[in-house]
Amino acid sequence: MHDAVPPPPTPAKTSAPVSVRDAGKKRLRCPTCLESVAPGLELCPECDEPLAGSKSLKAGATTVKAPSWLSLHWRPLVTGLAMAGVLATGIALRSLAPGRFLPPRAASRSPSAVTPTCTSPCWHGEACQVGQCVWQKPNDVGHLGDQPLVTGPFALPKDVSDAMPLDADRFALALLTGIEVHDARTGALLTLVSDAPQIKGLYRVGEHLYATSPQRLYVVDAATMGLQKTIDLGAMVGQVSVGANGRRALVSLPSAHAVAILATEYHAEIDRIHFGDDPVGPMGVDDTGTRALGTTGQVPLPGLRDPAGGAVYAFDPSRLASQQDRVRTSMLGNPVSVLMTPDGSASYVVLRAEDALVPLEWLPSGAVRRRERIQTCDEPEQIELVRRGRRALVRCHEGRALEVFDLAKGELARHIPFNGRATDLVVTPDGEQALVTLTGDGAGSLALVDLESYAVKLLPLSGEPKRVRLTPDGRMALVFSDWAKVAWVVR
């Protein structure tokens, strides 16, 4: 007998893709993953879960309703509405305040609304404001108060020749034995710099002191009073002049008829300019360091007449001596002081014997032209620049006065009389006060001149002062008498 052949097994239903026949039938949605599937399948081809209406579902199972369009897209719809609301709010606020946050248009400005500019360059320390150059006071500077306190007199050595305040607590003296440093409150001796002997004058150059001797110049640190360098000039040293930038120092050498140019960065002589047979005395230099004047005058000793003659040399300290023009201008009348405007456009020379102030105009070629002289008080000996207001102060010794010269208008603006001979003058760094030493009949005083109201206040002193010096901040003054050999500290 032949064994019976079993019938072939019935193929199991799978989740195979729908045939082409079923492509036209209506598609269903899976109740689990909500994907669209072909009808007639028992399992979802996406999640392998039973479909609605299949045999694998238990009896009583409910058919899940397909979600609506809103339930599927509510998140992007809410985001779009929020962004539209923000944009609409910005447009509404902008329409309520038109032009508030927009910069002004240049085309809509009227000619009167344009800020005017300064026609000429401003000086060092000035700023252009509304078409005018206005002085800007430096930081951390001032002047003596309304009720200054006088300390002293302090007895000084007999061989003292000059004095200089170092700071609020110390002052230095120039002696034959060196430089003495004293306490500014008690006058007690603090130290002696014996490495710098035979000192005649002291000059402040930045953070250093330049001490002049007969043929040398000593560089001393003002903070530590340590000797840093000795410059041998080989001739009798006169005066030291420093420009506003402080990079170059001019040292007059009267016996050598020359001027030495020193670089203050490394304290060395870089050049020497000779001026024929004329002894060079007081000097002046502009802020740029490219124009300078040297005079041949000198203040005579009491009782002696002014020297005859006189001349002024115009030169450029920034050029080599071989390239100098050395323009000589005759200036009869003993030119004892000179002032250079900061921009170098004009200069002023004081003639002590002629009681006059001579303006000089600088030409593009480097030469100078004399202009009409201006009459001043008797025996003018010193002229100082006041940057605040573009003024100059002329001190008259025998005339017992201080005259204010307006540099912008080119005329004398004020005459301030005193009750004694004016022997020295300094201007505070803020340009608000001038200090003048006065002598007469064995006594003296210090005049404090307000440069805004020109009011004068006198501080009586027990001796005859000869010189006055200021600290770099202008808040303490040292008054010195080389006749009585005493000093006063005013703060």
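The structure under discussion appears in the preceding block.
This write-up is about the structure you can find in this document. None of these values were measured; they are calculated from a predicted model.

Regarding the environment of Ala260
Part 1 of the reasoning: Tracing the sequence through the fold places Ala260 in strand β16 (residues 258-263).
Part 2 of the reasoning: Taking relative accessible area as the criterion, Ala260 reaches 0% and is therefore assigned buried.
Part 3 of the reasoning: Separated by 13 residues in the primary sequence, Ala260 and Ile273 place their C-alpha atoms 6.5 Å from one another.
Part 4 of the reasoning: Setting aside residues up to four positions removed in sequence, Ala260 forms contacts with Leu233, Ala249, Leu250, Val251, Leu253, Glu269, Asp271 and Arg272.

Focus on the pairing of strand β32 (residues 433-440)
Part 1 of the reasoning: With respect to burial, β32 is a largely interior element, seven of its eight residues being buried.
Part 2 of the reasoning: Where strand β31 (residues 421-427) lies against β32, six bridges are found, and the strand directions are antiparallel. Its bridge partner lying in β32, Ala422 is registered against Leu438.
Part 3 of the reasoning: Two successive antiparallel strands, β31 and β32, enclose a turn made up of five residues, where Gly431 displays a positive phi of approximately 70°.
Part 4 of the reasoning: Both β32 and strand β33 (residues 443-450) contribute to a ladder of eight bridges, which runs antiparallel.

Points about the packing of aromatic side chains
Part 1 of the reasoning: All chains considered together, the criterion is met by four aromatic pairs.
Part 2 of the reasoning: Plain terms: the ring middles of Phe275 and Tyr313 are 4.8 Å apart, the flat faces sit at 50° to each other, and that makes the pair tilted. Remark: Tyr313 occurs in strand β20 (residues 311-315) and Phe275 occurs in the loop between β17 (268-274) and β18 (283-285); sequence separation between them is 38 residues. Judged on exposure class, the residue Phe275 and its partner Tyr313 are both buried.
Part 3 of the reasoning: Centre to centre, the rings of Tyr348 and Phe405 are 5.4 Å apart; their planes meet at 65°, and the pair counts as edge-to-face. On the criterion of sequence distance, the pair formed by Tyr348 in strand β23 (residues 346-351) and Phe405 in strand β29 (residues 401-406) is long-range, its members being 57 residues apart.

As for the pattern of salt bridges
Part 1 of the reasoning: In the structure shown here, the tally under the stated rule is 19 salt bridges.
Part 2 of the reasoning: Note that Arg247 is salt-bridged to Glu265, the shortest N-O span being 3.2 Å. Separated by 18 residues along the polypeptide, Arg247 in the loop between β14 (240-242) and β15 (248-253) and Glu265 in the loop between β16 and β17 bring together distant segments of the chain.
Part 3 of the reasoning: Owing to a relative accessible area of 46%, Glu265 belongs among the partly exposed residues under this scheme.

Brief notes about the sheet that holds strand β10 (residues 201-205)
Part 1 of the reasoning: Taken in spatial order, the four strands line up as β10-β11-β12-β13 in an open sheet, and their pairing is antiparallel. Edge positions in the sheet fall to β10 and β13 (227-232), since each has one partner strand and no second. With strand direction ignored, the average angle separating the axes of adjacent strands in the sheet is 20°.

With respect to the nonpolar core
Part 1 of the reasoning: Grouped together as the largest cluster of nonpolar side chains are 17 residues, with contacts concentrated most on Leu339, Tyr348, Leu357, Ile383, Ala392, Phe405 and Leu407.
Part 2 of the reasoning: Counting only elements with at least two residues in this core, the list comes to β22 (335-340), β23, β27 (380-386), β28 (391-396) and β29.
Part 3 of the reasoning: Look past the residues within four positions of Phe405 in its chain and what remains in contact with it is Tyr348, Leu357, Ile374, Arg390, Arg391, Ala392, Gly410, Glu411, Leu412 and Ala413.

Notes on the state of the cysteines
Part 1 of the reasoning: Overall, the coordinates contain three disulfides when judged by the stated rule.
Part 2 of the reasoning: Note that Cys118 is cross-linked by a disulfide to Cys128, the S-S spacing being 2.1 Å. Taking the sign of the torsion about the S-S bond as the criterion, the disulfide between Cys118 and Cys128, at about 110°, is right-handed. Highlighted residues: Cys118 in the loop between α1 (69-96) and β3 (126-129) and Cys128 in strand β3, separated in sequence by ten residues.
Part 3 of the reasoning: The buried category is assigned to Cys118, whose relative accessible area is 19%.
Part 4 of the reasoning: Each disulfide pairs two cysteine sulfurs, and for Cys122 the partner residue is Cys133, the sulfurs being separated by 2.1 Å. Between Cys122 and Cys133, the disulfide has an S-S torsion of -80° and is therefore left-handed. Placement of the pair is Cys122 in the loop between α1 and β3 and Cys133 in strand β4 (residues 132-135), with a sequence separation of eleven residues.

Scoring rules and cut-offs
Residues numbered from 1 in each chain as written. Predicted model: local features only at pLDDT ≥ 70, side-chain atom pairs only at ≥ 80, totals over all residues. Heavy atoms only, no water. Helix = DSSP H or I, 4+ residues; strand = E, 2+ residues; numbered from the N terminus. Buried < 20%, exposed > 50% of the residue type's maximum accessible area, 1.4 Å probe, protein only. Contact = heavy atoms within 4.5 Å. Pairing = 2+ DSSP bridges. Phe/Tyr/Trp six-rings, centres within 6.5 Å; stacked < 30°, edge-to-face > 60°. Salt bridge = Lys/Arg side-chain N within 4 Å of Asp/Glu carboxyl O. Axes fitted to C-alpha atoms, helices over the stretch in contact; angles between N-to-C directions. Core = buried A, V, L, I, M, F, W, Y, C linked by side-chain atoms within 4.5 Å. Disulfide = S-S within 2.5 Å.

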